[in-house]
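Take a look at the letters that make up each chain.
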Amino acid sequence: GVNILHADLVGRASWGKTIPKDPDQDLNGHGSHVAGTIAGTKYGVAKQAHIIAVKVLGAGGSGTMSDVVAGVSWAADEAYRKANEATEMRKKGKKSSHKGSVANMSLGGGKSPALDSAVDAAVEDGLHFAVAAGNDNKDACSYSPAASPLAITVGASTIADERAYFSNHGPCVDVFAPGLNILSIWNTGNQSLNTSTSSSTSIRISGTSMASPHVAGLAAYFLSLYPTGFSVADDDFTDATYAQIMGEVMDDLPVSSFVVKGAQFVFGKLGWSMRGEKKEVEVMTKELTPKALKKALLKISSKGKLTGDLPSGTPNLLIFNNFTSSA
């Protein structure tokens, strides 16, 4: 669940669905922490994204696999419904604020083909999905939903750009993101951080559960910049479209900052000539699919930066937001 009344999420969080027989509130804290990393005003990656709580575990942090699968199915159906509504509005010449849906699953268990299949089906239906790799320092392919081929499976890194000692690894991991000593909001009050029950000292949470929402937030951020996508051929992210996301030359468009000018490729179809004059360009051709965005995230990721113990077969990719200095 999520503390939807927290000041860090105020006005942008709502309750979606509770699957187990439990109150519509976060009685654990874990879900609120994750939501704060995704979209919190202070700690979030996508600071204007809207959070919808889908509760599949009880207050103790455990639950049934059937409830988890049911939660994935509900989220997929809602994402599909929202996408169709937005499409119909645009067909009628109306504007829609919907820019795509991203799901984060900071949980896991033993290998479950049913859960992996549910996540893959959701992705195929258009729901962008980030999942935690697991915290047992083992092969992520033995865990679900970490083994989902279509989701973005996220391992945990440290502030020193090392694989966190607990993070699962192996070929089923797609990318690493910060997951050690992560500070975010909590469930004990509308202004609360995660604090120790024995003192008022602020503490931080570690886990691939903290790494995955960094990637989910980044996916939401990219979707906000490109709500209808690039020129994506055959649902694939080609070198030509990669040039667009990186702000490189496209026809006679100059090199530009992805963060500062990247949105020119979508909003209002407004581009710039080499002389800096405004001109109309048409680049919106197809929705940015989960498959395409996953490829974009992995291509933009920093390569070869992780040091220390990185078991064989594990990708050396560290998530990157493509920040361009304004200096």
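Values in this document were obtained by computation on a predicted structure and should not be read as measured data.

Analysis parameters
Residues numbered from 1 in each chain as written. Predicted model: local features only at pLDDT ≥ 70, side-chain atom pairs only at ≥ 80, totals over all residues. Heavy atoms only, no water. Phe/Tyr/Trp six-rings, centres within 6.5 Å; stacked < 30°, edge-to-face > 60°. Buried < 20%, exposed > 50% of the residue type's maximum accessible area, 1.4 Å probe, protein only. Disulfide = S-S within 2.5 Å. Helix = DSSP H or I, 4+ residues; strand = E, 2+ residues; numbered from the N terminus. Core = buried A, V, L, I, M, F, W, Y, C linked by side-chain atoms within 4.5 Å.

Colleague: What exactly am I supposed to notice about the packing of aromatic side chains here?
Modeller: Two numbers describe a pair of aromatic rings. These are the distance of the centres and the angle of the planes. Counting across every chain of the model gives two aromatic pairs. Aromatic pair Y221 and F222: ring centres 5.7 Å apart, planes at 40 degrees, arrangement tilted. Residue Y221 is classed as partly exposed on the basis of its relative accessible area of 22%. Among the residues examined, F222 registers a relative accessible area of 1% and is labelled buried.

Colleague: Just checking my understanding: could you explain the state of the cysteines for this structure?
Modeller: Defined simply, a disulfide is a covalent bond joining two cysteines at their sulfur atoms. Within this structure, the stated rule accounts for one disulfide. Residue pairing for C141: its cysteine sulfur links by disulfide to C172, the two sulfurs lying 2.1 Å apart. With the S-S dihedral at roughly 110 degrees, the linkage between C141 and C172 falls on the right-handed side. In this pair, C141 sits in the loop between β5 (128-132) and β6 (143-144) while C172 sits in the loop between β7 (152-157) and β8 (175-178), placing the two residues 31 residues apart along the sequence.

Colleague: Please clarify how the nonpolar core should be interpreted in this entry.
Modeller: In globular proteins that are soluble, nonpolar side chains generally tend to be buried together. Judged by nonpolar contacts, the single largest core of 39 residues is most densely connected at I51, V175, V215, L293 and L297. Of all the secondary-structure elements, those providing two or more residues to this core are β1 (13-18), α1 (30-39), β2 (51-55), β7, β8, α4 (208-225) and α7 (290-300). It is α4 that provides the largest number of residues to this core, a total of eight residues.

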